[in-house]
Amino acid sequence: MSVLRVAPRTAVVLTLASAAALATFTWPFFVPAHPESTARTAEAPLVFLVMLPVLVALTLAELTSGGIDSKALAMLGVLAAVNAALRPLGAGTAGIETVFFLLVLAGRVFGPGFGFLLGSTSLFASALLTAGVGPWLPFQMLCASWIGLGAGLLPARLRGRAETAVLAGYGALAAYGYGLLMNLWFWPFSVGADTQLSYVAGAPVLENLHRLALFTAVTSTFGWDTGRAITTAVAIVLAGPAVLAALRRAARRAAFGAPVAFAAASDRPTELTAGVRRDGAAGAGAHRVQ
Amino acid sequence: MTDAGTTADAGRRPARWSAWWLPRGLHPGAWWLWALGLATAASHTTNPLPLALLVAVAALVVVRRRGDAPWALAFRMYVWLGVVIVAMRVVFRIVFGGGQGEHVLVRLPEIPLPEWAAGIRLFGPVAVEQILGGFYDGLRLATMLICLGAANALANPKRLLKAVPGALYAVGTAVVVALSVAPQLVESVLRVRRARRLRGATGRGVRALRGIALPVLADALDRSLALAAAMDSRGYGRTGAVPAGQRTITGGLVLGGLVGVCAGTYGLLDSAAPGYLGLPMLLAGLAAAVTGMLLAGRRVRRSRYRPDRWLPAELLVAGCGVAAAALTMLAGTVDPQLLYPPVSPLTWPQLTPLMLLAVGVAAAPAWLAPPPPVVRVHRPPVADPPVPVPTTTSPGDRS
Amino acid sequence: MITFDRVTVQYAEGGPPPLRDVTLHIDEGELCLVAGRTGAGKSTLLRAINGLVPHFTGGTLHGAVTVDGRDTRTHPPRDLADVVGVVGQDPLAGFVTDTVEEELAYGMEQLALPPAVMRKRVEETLDLLGIADLRDRPLRTLSGGQQQRVAIGAVLTAHPRVLVLDEPTSALDPTAAEDVLATVTRLVHDLGVTVVLAEHRLERVLQYADRLLYLPGDGHVHDGTPATALTHIDIAPPLIELGRLAGWTPLPLSVRDARRRASDLRHRLAGAEPPPAPVAPDTCPTLTARKIVVRYPGTVAVAGVDLDLRPGEIVALMGRNGSGKSSLLWAVQGSGPRHGGTVAVTGPRGTADPEALRAGQARRYVGLVPQNSGDLLYLETVDAECAQADRETGAADGACRALLDRITPGLPGDRHPRDLSEGQRLALALAVQLTAAPPVVLLDEPTRGLDYHAKRQFSAIVRMLAGDGRAVVVATHDVELVATLADRVIVMAEGETVADGTTAEVMLASPAFAPQVAKVLAPAPWLTVEQVAAAISATRAPA
């Protein structure tokens, strides 16, 4: 089920913006080493710092440009609040990154568009609550959004154990991917130039990857990411089915896109059931709630 | 936090000024522009003297002009983060630096790593230049971070949300909802956690997550439905009709702009690409896409209650930030050597009058910005006012 | 103002239509009370007024609903926002923003009113509802009554001509409920707003209502003036029941009305005596608490309270919000903080202090059902909750289900606990706690949100528990419930016990705690309609 319809134009915007945004993470692999372009190399990170927030805003605006149903909006706000509120709890009790846990499950239930929005709103709300607004925020938002989007794109047919297994696997992968991308973003800023762990402009991609891997190992973020991946997967295995059921129940109760119909007053109310079917089919097209 | 000094000063100002300087919350955008200006200034120098002064300026303005809201306490966290960054840079240079530099302080035993680690060698000689370079670099990044921390502490994030453009209105509303629901959920997490003991459950970890998260989640989801009904009943989602032609134009602008952004990014990273494909293309693409987005946002019909306006004080504060950045850049063109003091040969960092002027301008909002709003006396959140007789409201009940 | 023309509502998920062929007309300025049991279709009726049914809920609406000339078929709720203001049960759940002032402005922002108009209306509304001193406060720190008044103010700023309130007091304690209902009646009189109000505390608003719409639950709506419509309603406050018993027509709508007509009834009852208070059982107390102290930063919640509970005793714990009732219960159970004093409970394995035991053992001594009984439940079905309760207490399979069937027979096992009614959910939580077979059962505000019918069922359950030899404590604000249920009443204020005695002693001593029947028949010591009925049949029998 998809709470938020992603129109073809939106999909194209999403793809283009994601492609451009990916470059803002991976630029250290591609910056040229030619001396004549050193000026460009120096300005690239700053340009990207300015560009990414705009790209994130563009995609969010595009996703909601068709108008978003109040039920989906309230669900989005409340789930983002759950993410923001459970975050300290998760860190306190078990070192669980609850954000991914709920993001993956909600993306799965409510569809890719909703998942994308939830990723961004969750991290944005969390940042506002903890006064953590800064240039890193759009990057975190985008990564989380990709995770939510991906969860919504998993094969729809799966149910039961297979679904839990796939979601747990995806959750673990997503946790690694998030860690890797954020490391990649942080890498040039944290070590600076001139160390053996710094990126080398113009060097082959593999060499830079090697250095990134070393940086990750040295800053022990790899261990952190592993812990996060394991707890996310375990949480999805243990609590996933119950949370999925709760989310699906909420979706059912909210009656997203339930047919809305009007009919003339029936003179014989006892025969309503037959009338409903007929009128429902006829009226749904005319008066459907957006 | 009230500011006795400034309120007293305000009394001596001419009458038409005094209205500006009444205690009030400044437009959050003004604080962000000021802070970004400071951060830009910091990014244009590695000279520790102006950097330290900029940190001091940020701290001064925060202390004098922050309110009593929870986010106002964030500044300290950013200062510690800055210290960590400087320390990290220096430690990285010591461990992985490779020991360039003439003035070797100490020779640590070298530890060559195996082949798979790209032949990296740990420790080795530690040179002053190396440490100093790390320190300068780290201090620059830390200063930028602390400037952002100042913006986080000074600007009211909720008012910032009110200023989002129409196209982002839905997302902005979702975040507003999240911000108001999150504290309630924290309370319900505590409540459910306490209630779990009543059923004999003391489990921790992932198992506890289920027992706590599910009642909280179910509560929250039920609440979202009530909220949606309330929003619908109160007029959420009233939009103006958009002509098909305009929709095509906005869509074309956004799509075309994004293609431009992609091309520009490619041009920026590929040195073989012609120059115009780089930054100019990227900026043009961004501008087109943003224009499209803003045009699309015009279909959202709503007004804003007590919007933050750009009054002279706002312009002044933002201007101070911009001026500080501009003056530092100017200093850079005049005296690049002094803004980027070389580590070899070792030289003492120096200040120039331009740098001092930039720092002075950056500090001006500590006095020029209106003081934060006066704290109202809040009654403690004890539930109801004590009413001794529960049944007196209906007059007929008095017998 | 509001017209229902042969309206029938059918939801998409099937089931009998909650409204069936309803035709009614509500005039401008009327206060129209909607009554009926939980699930009788009150909410559907109210939500049809501004088009939430069917635009929001889905389903089919036959016939037409018109408000101020606008047809809900062509006007979705958002286009009726300037005509109809809707206030729900839980004010906090409906708030979009987080401070009072912003919330008042939200609806006007959606209507795109000019800033100057908004500013003026916010100030007016703050004064109208007497919440001007709350304007900067975060909404969640307000009391329930204040929150509901803000919710009313937030819809009033759009200057609606109709105000629809769906059980605005069901989540509030009586003091806050008074507060809100007083506000509503004032609005009707001062502003001439048309008000449609669903409410289960009929006794509070009956005297102000112009109309009573009664929904018996079969989809029809009975329409009439309160005094006539009330004669055949199965949910009625004690005052109405007393009036029916005495054969007064029209029925009295306020204590004052009843008292003026009650002289003959008082005369008839002159010789009779209410049954004597049950003699306190002379057994050893099951629970003995001494000098309980609970402190929170800045306040002392419980200041050295003693508590003795005997087997088979029903004790009501009363007092205003913040008087320390909940803190005392939690401290006695051992799960809440306790900073002083001793507790000894005679349980299955001798006498122990629950706080010193592990949580799994403590519940075998004292069972507590918290105010929000849903907090205890986290599984997907009733059966799963019961099975889990058996597992965690080591009881035989089916023990919890058997208890549940004894309390409320026939609860479907595959139902989601969240889909149960308030009363059913309370019964389930109670059954879960009783599976551990505690000799002492504590209930914190159990009757909040229950209608008359569910309260009656609840009273029966509590009596059954006491009949099994358990000591039961009910913390509540509900005077009428206490009058019919409790053997003993303890009144707390500022963390101390200010009164402790039999129900009759405590409740007749002050007007604050007197039930309606006592107010009508004072100074004679009658507490409940049942007592009066028994006395009347007794006086009749010899004659």
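What counts, and where the lines are drawn
Counting restarts for each chain: residues are numbered from 1 in the order of the written sequence. Written order decides the labels, with chains lettered from A and ligands numbered from 1. Given that this is a predicted model, residues contribute local features only at a pLDDT of at least 70 and side-chain atom pairs are listed and counted only at 80 or more, while totals for whole chains, interfaces and linings are drawn from all residues. Note: side-chain values were computed over all heavy atoms of the structure, leaving out hydrogens and water. Secondary structure elements follow DSSP: runs of H or I no shorter than four residues count as helices, runs of E no shorter than two count as strands, and numbering proceeds from the N terminus. Radius of gyration: C-alpha atoms only; globule rule: 2.2 Å multiplied by the number of residues to the exponent 0.38. Between buried and exposed lies partly exposed: a residue is buried under 20% and exposed over 50% of the maximum accessible area for its type, with that area taken using a 1.4 Å probe on protein chains only. By definition, residues are in contact when any of their heavy atoms lie within 4.5 Å. Here the open area of atoms and residues is found with the Shrake-Rupley method and a 1.4 Å probe, where only the protein chains shown may cover a residue. UniProt positions are given in the numbering used here, feature names are shortened, and annotations may be inferred rather than shown by experiment. Two strands qualify as a pair provided that DSSP identifies no fewer than 2 bridges between them. Fitting a line to C-alpha atoms yields each axis, with helices limited to the stretch in contact; the angle taken between N-to-C directions then spans 0 to 180 degrees. Nitrogen and oxygen atoms within 3.5 Å of one another constitute a polar contact, given that in protein one can donate a hydrogen and the other can accept it, and given that sequence-neighbouring residues count only through two side-chain atoms.

All right, on to the overall build of chain C then. The helix and strand tally for chain C stands at 22 helices and 20 strands. The C-alpha atoms of chain C give a radius of gyration of 25 Å, which matches the 24 Å a tight globule of 543 residues would have. Structurally, chain C occupies a C-alpha span of about 70 × 60 × 50 Å along its principal axes. Counting across all 543 residues of chain C, residues that qualify as buried make up 60%.

Further remarks concern the overall build of chain B. A tally of helices and strands in chain B yields 15 helices and four strands. When burial is assessed residue by residue, chain B has 49% of its 399 residues classed as buried. Nonlocal contacts in chain B, meaning residues at least 24 apart in sequence, comprise 77% of its contacts between residues at least 6 apart. Carbon and sulfur atoms make up 68% of the accessible area of chain B, which totals about 17,900 Å².

All names here are of chain C. Mapped onto this numbering, the UniProt entry gives "domain: ABC transporter" (unreviewed entry) at residues 2-242 and 287-519. Helix makes up 35% of residues 2-242 and strand 23%, and the two end C-alpha atoms of the span are 34 Å apart. With 36% helix and 27% strand, residues 287-519 has end C-alpha atoms that lie 34 Å from one another.

All names here are of chain C. In space, the four strands of this open sheet follow the order 12-11-14-15, with antiparallel pairing throughout. Looking at which strands have only one partner, the edges of the open sheet turn out to be strand 12 (299-309) and strand 15 (350-352). Neighbour-to-neighbour, the strand axes of the sheet open up by a mean angle of 20°, direction not taken into account. Relative to strand 14 (residues 340-347), strand 11 (residues 287-296) runs antiparallel, the two sharing five bridges. Among the inter-strand pairings, Thr288 is bridged to a residue of strand 14, identified as Ala344.

All right, on to the pairing of strand 4 (residues 59-67) of chain C then. Among the nine residues in strand 4 of chain C, eight count as buried, and that is most of the element. In this structure, strand 1 (residues 260-263) of chain A lies alongside strand 4 of chain C, joined through four bridges in parallel fashion. The residue bridging Ala263 of chain A from the neighbouring strand is His62 of chain C, located in strand 4 of chain C. Across seven bridges, strand 1 (residues 2-10) of chain C lies against strand 4 of chain C in antiparallel orientation. What sits directly across from Thr3 of chain C, in strand 4 of chain C, is Thr66 of chain C. With two bridges joining them, strand 4 of chain C and strand 5 (residues 70-71) of chain C adopt antiparallel strand pairing.

Quick look at the side chain of Gln516 of chain C now. Residues and elements named next belong to chain C. In this structure, Gln516 sits in helix 21 (residues 516-521). Here the side chain of Gln516 touches Leu239 through a polar contact of 3.1 Å, landing on its backbone nitrogen. Apart from residues no more than four positions distant in its own chain, Gln516 is found in contact with Glu203, Pro237, Pro238, Leu239, Val255 and Glu480.

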